[in-house]
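# Structure at a glance
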Amino acid sequence: MQEIEKIKKRFEDEILTVMASEIKELEIKYLGRKGMIAVFFQEIKNVPEGKKRKFGQDVNELKAYIEEIIKARLEEIKSQENLKSLEKDKIDVTMTGLRLSNGAPNIITQTIREVEDIFVSMGFDVMTGPEIESDYYNFEALNIPEYHPARDMQDTFYLAQKMLLRTQTSPIQIRTMETYKPPIRMIATGRCFRRDAADSSHFPIFHQIEGLVVDKKVSFANLKGTLSEFAKRMFGKNSRIRFSPSYFPFVEPGAETAISCVMCGGKGCPVCKYSGWLEMGGSGMVHPNVLRNVSIEPEEYQGFAFGWGIERIAMVKYEIPDIRMFYQNDLRFLRQFK
Amino acid sequence: MLISMKLIKETIPNNYSASQLAEKLTSLGIEVEGIRKIKHNFKHITTGKIENIELIHDTKLFKSIINTGKEKLQIITAATNLKTGNIIPVALPGSKIANGTAVGKKNFKGVDSHGMLCSVSELGIENDLVSNEEKEGIFLLPTDTPIGVPFENVLPVDDELFEVSLLPDRADAFYLAGIARWVEIIMARDENRPANFSKIGQLPDIQAFGKNDVEIEISSKDMCPFYSGRIIRNIYVKKSSLNLRQKLFLLKIRPINNIVDVTNYIMKFYGQPLHAFDFDRLNGKIIVRTAKVGEKLTTLDGVERKLNNHNLLISDDSGPIAIAGVMGGEETAVTETTKNIFLESAYFSGQAIAKSSRSLGLITDASTLYEKGIDYKFQSSASKLAANLMKAEANGSPSEERTVSYILKKQQVKVRYDRINSILGEEVSPSDVKKYFDFEGFKYVDQGDKLLVNAPSFRQDINIEEDLIEEVVRMKGYNEFKEKMLEGKIKSGSRTEFEDFLLRLKDKLVALGLVEVNTVSLVGIPLLQSVKFSDAEELVELVNPLSEEMKYLRPTLLATVYEVLERNINVGVEDIAIFEIGKIFHKTNKYFEKTQLGIMLHGKRVEENGLKVSLKYDFFYLKGLVEEIFEGLNIAVNFSQKEYPALHPFQVEEIIADGKEIGCFGRLNKDLEKNSYYASIGVDELYKLYVKKIKFIPYSIYPPVKRDIAIVLNGEVPEQSVREAIFGLRIRELKSATLFDVYKGAPLPNQKKSLAYSLEFSSFDKTLTGEEVDKFINEIELSIKEKVQGELRKK
């Protein structure tokens, strides 16, 4: 019995120190036809009768044990050899990846697309119009005759022949109502121009999103509902809107629209100048003169309209501090919006 | 506009704090953008009277004896504008002037000085609130100023000023009484009672003296529906009294003399522009008419103005004496020697004055008020108020008023209850509607289903039913209305096909590694010249540009995209791959706008990370991009040779689709940024040609056979011709010919080159045999020999 324990111990010592090339030798030494285990089996006959069974069992166990260890060791050696053969392929995997410089749509394109997608899903069609407009579409048809004080609100770039660069996307309202009969649900996005000196919140070029709905029973409450839904989808579901008195000649009643501050949620912070609100643009019920100008009977149809600034929306959403950054086209700015 | 809280409270007593009032005004549409708190910085400055003043021998200093009411102080001063009897501000010993300097006892050359006499700046008063002569020397106070009074009580320095920003339709709030009326509306709403405006601007009870036989004739009745004239005789032109001076101070009016001060005061307080003519310089009848071409008038500011037929004039028998509602003439202006004045209080139409003032480029406080629209019933009251003040201030004797009126009775405005509910989408009860109109001081007649409303004459913004509905919203509160989603038939919305196309194109370009830029549409000649643009004739020019750099609408995207390239290089961005899709403009006999695509490349596509992989932007990278764009849109494209000023003459191609030039691309020319590549493509043309439908094309299931060939030919022959020689055979089984090597040099003779192609053949019906492919190669060899005089070397 002690013999078996001794042999096991000896094997355990030897297997730890043996070289890879000597494993086979070790295997023969223990498991071979004339190996130690074989010697034990031969000795069984000399063991007293009562202990024979136990002895046989122990020898078998030892044999299985040695076989298992040797097999494991051989596998280990094999895998080490494999690894060695791959070492020539070793690379510094901690280096940075190979990067193709990728493209990015402009932040304005992205914002317009997002805004359009929201309104399209609410059943609005997207309309477009020219950037060079006539005085009629940009002003007169919108109830802003020449010498109207409201013209001062929008300093205008003029071309010859009573043509101008559109100061707003609102002329597209007129073009749409001239072409389609109510019910109308449309938005228009595009580039506008105002003769404003550039500062952190003004630039002579900017983009607008214009909305117009005309139907038999479209109300001020619908205007609020629509813009509220838009704000929630654009700025987050906790976003709220606030209306305050304002004046735009093509709507009556007219309102300025603000959203709850995206930074503080309305509690007041430096971004909203502690008011809790961020002004986004104008809105109101379509003025009856505007409807008459496109031969829609104001007693039969009524509507709402709104106009928000695209850059303003993006500035609020992405915390961009200065509108001029949109037009500097610094790639370090543009590449942030992928 | 700055509005004094002090004057508001004086005009209409109320218990609101400035911030409460600011918030309430803002919620009603009179935006208070900020409140400026003003507190005096000086301490212990009182008023005193000069009892005696004399030059100190051998000095430039004066010794004065000042009576401060309590004591007499000896004060030394260097000021030269003083004389006995003047009332002046005195800084007592122990006091402090506005800049913080302490004032005590001093000794000048052995003479004691107990304090200091103060100038305007030492009191911290803004320069534009005092007259020109008051800016120099010691501040001489009105002669009726009491002595021994703290200076802060003399001129009401301490105040809270509202910074008011007004909407164009708030003509009724461009003057102090107007804001005060809105405060009354706020009070009426808070106290749930009708507004009462009569407490603002009580009319004086004056007696008219003297005759007024000045004849008035209005020939432009629609431009001047009302004119009032009054003579004030025997006036004495001087400084205004302390009482008026205090009001001017609160209204931020610079004092001039008592007559001008009164007219300015009435204008700023009541919103009615007045004009005072020197009566003795008038000649005969007053006529209101438009100017005739060739007429001239030298206005108060000394400028001789050429008049035009937009100008409404006040004239007398000898010619123009004032540009109505804009500015008076110099000839008839009130001067220090004026004895009698003719006071005009008129109602001119806003549009007439707007045209007139703009045609001259002359905008004044009066013209601004008229333009917005003044109270059409206030002219006689204003005249009466002014006459009374001139009597008090200048000791004048007012005559009776003469008026000519063509004012039409203003129509009542109808508002239907069901219309209110329909527009607002929410029921507002008739009693609430009436209550709201009461708050605003409207008079109305209830007709059951509607109201007939008379708004006060200063409310120029109430003309139609919708205006009244807005007042309902204003009084109820903009945020007191519910939000409701749109109803009605559900239909799907969509973009226009062109918009969809643009988005698809942009996606494609972004996928190709380009960053979209967004440049300004306005350019100047120097920028255009820098990119060698010279077709100035078709440029669209702005009549009123902001600057020379933004004078024209861009005729090409190249200029501004080039600017982006340079700007980025300048800030250290090395690798640039950008595009813009935007409008470009030109004019012939009318204006045109087109959509263009511009692509600019510079640097490399792969960021270096030590692996020596390089993908530099060059001509063929850009050409591949262009080919990829056309393939993505299913448009067949060809290239041919053409020159463009901005592009390198030997690295350039014209892009042709559908037989027409649709753009070009190439390397930027000499003098422009080096190693930069630009492509320009007409997007409207792309849109017309692109094929949205993609159809599956089957491919062979049999393995392809590959053959490599080399062609030796003259080095000048374009590779495209070789390809055409190969593909021109229209061998159905030839799937591709990939150029994998271009070689020049030994052992080839000079001027020869070798082009190596890998050809791939396959058939739909079977696996091709070697003999079959040999036959194709022979055909290609013949074609090469014939078309490009090349020699085939098979491998």
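Residues numbered from 1 in each chain as written. Chains lettered and ligands numbered in written order. Predicted model: local features only at pLDDT ≥ 70, side-chain atom pairs only at ≥ 80, totals over all residues. Heavy atoms only, no water.

## Examining the interface of chain A and chain B
One widely used convention gives an interface's size as the accessible area the parts lose upon coming together. Tallying the contact residues gives 89 residues for chain A and 91 residues for chain B. Summed over both partners, the interface of chain A with chain B buries about 7,700 Å², with 54% contributed by carbon and sulfur atoms. Taken together, the links from chain A to chain B amount to five salt bridges. Across the pair R416(B) and E299(A) runs a salt bridge, and its minimum N-O distance is 2.7 Å. (Contact = heavy atoms within 4.5 Å. Buried area = accessible area lost by both parts, 1.4 Å probe. Salt bridge = Lys/Arg side-chain N within 4 Å of Asp/Glu carboxyl O.)

## Quick word on the domain arrangement of chain A
According to the domain assignment, chain A consists of domain 1 (2-89) and domain 2 (107-337). Each of domain 1 of chain A and domain 2 of chain A has a C-alpha centre, and the two are 86 Å apart. (Domains from an automatic or database assignment.)

## Focus: the pattern of salt bridges
Residue and element names in this part refer to chain B. On inspection of all chains with the given rule, the structure shows 66 salt bridges over all chains. D449 is paired through a salt bridge with K450; the nearest N and O atoms lie 3.9 Å apart. A salt bridge links K642 to E661, with the nearest nitrogen and oxygen atoms 2.6 Å apart. In this pair, K642 sits in the loop between β32 (638-640) and β33 (647-657) while E661 sits in strand β34 (residues 660-668), placing the two residues 19 residues apart along the sequence. Judged by relative accessible area, which is 35%, E661 ranks as partly exposed. One salt-bridge network, in which partners are shared between bridges, spans R170, D172, E440, R459, D461, E470, E471 and R474. (Helix = DSSP H or I, 4+ residues; strand = E, 2+ residues; numbered from the N terminus. Buried < 20%, exposed > 50% of the residue type's maximum accessible area, 1.4 Å probe, protein only.)

## Description of the nonpolar core
Residue and element names in this part refer to chain B. Counting residues in each nonpolar core, the largest one holds 210 residues, and the members touching the most others are Y227 and F348. Of all the elements, helix α4 (residues 176-191) adds the most residues to this core, at 10 residues. Judged by nonpolar contacts, the second largest core, of 34 residues, contains L512, I581, I662 and L686. (Core = buried A, V, L, I, M, F, W, Y, C linked by side-chain atoms within 4.5 Å.)

## Re the environment of R170(B)
If you trace the backbone, R170(B) turns up in the loop between β11 (159-165) and α4. Taking C-alpha positions, R170(B) is 7.9 Å from K372(B), a pair spaced 202 residues apart along the chain.

## Observations concerning the sheet that holds β33(B)
Residue and element names in this part refer to chain B. Here we have seven strands laid out as an open sheet, ordered β26-β30-β31-β35-β34-β33-β32, and mixed in their pairing. The open sheet has two edge strands with one neighbour each: β26 (515-516) and β32. Contacts from helix α13 (residues 497-511) reach β26, β30 (576-587) and β31 (591-602) within the one sheet, and its direction differs from that of β30 by about 150 degrees. (Pairing = 2+ DSSP bridges. Axes fitted to C-alpha atoms, helices over the stretch in contact; angles between N-to-C directions.)

## Some words on the packing of aromatic side chains
Residue and element names in this part refer to chain A. Per the counting criterion, the structure on display carries 38 aromatic pairs over all chains. Taking 5.2 Å as the distance between ring centres and 70 degrees as the angle between the ring planes, the aromatic pair formed by F333 and F337 counts as edge-to-face. A single burial state applies to F333 and to F337, both of which are buried. Among the aromatic residues, those joined into a cluster by ring pairs are F119, F124, F230, F304, F306 and W308. (Phe/Tyr/Trp six-rings, centres within 6.5 Å; stacked < 30°, edge-to-face > 60°.)

## Some details on a nonpolar patch on the surface
A cluster of nonpolar side chains, M95(A), L98(A), L611(B) and V613(B), forms an exposed patch at the surface whose accessible area comes to about 330 Å². Along the chain, V613(B) turns up in the loop between β31 and α16 (619-632). (Patch = residues over 30% accessible without salt bridge, like charges linked within 9 Å, V, L, I, M, F, W, Y side chains within 5 Å. Areas by Shrake-Rupley, 256 points an atom, 1.4 Å probe, with all protein chains shown as cover.)

## As for the side chain of D278(B)
All names here are of chain B. The topology assignment puts D278 in strand β14 (residues 274-278). The class for D278 is buried, based on a relative accessible area of 5%. At 2.9 Å, the side chain of D278 and the side chain of T338 are in polar contact. If sequence neighbours within four positions are ignored, D278 has contacts with T332, A333, V334, T338 and N340. (Polar contact = N/O pair within 3.5 Å; in protein donor to acceptor, adjacent residues only side chain to side chain.)

## Some thoughts on the state of the cysteines
All names here are of chain A. As enumerated under the stated definition, the model contains zero disulfides over all chains in all. Looking at the unpaired C272, the closest cysteine sulfur is the one in C264, lying at 3.7 Å. For C272, a relative accessible area of 4% translates into the label buried. (Disulfide = S-S within 2.5 Å.)

## Focus on the pairing of strand β18 (residues 312-316) of chain B
Consecutive side chains along a regular strand alternate between the two faces of the sheet. Residue and element names in this part refer to chain B. For β18, the tally of buried residues reaches five of five residues, placing the bulk of the element in the interior. Neither face of β18 is exposed, since L312, I314 and D316 on one face and L313 and S315 on the opposite face are all buried. Two strands pair when backbone bridges link them, and strand β15 (residues 286-290) and β18 are joined in this way by four bridges, in the antiparallel orientation. Paired with T290 across the strands is L312, a residue of β18. Across four bridges, β18 lies against strand β19 (residues 319-323) in antiparallel orientation. Bridging from a neighbouring strand, I314 pairs with A322 of β19. Linking two consecutive strands that pair antiparallel, namely β18 and β19, is a turn of two residues.

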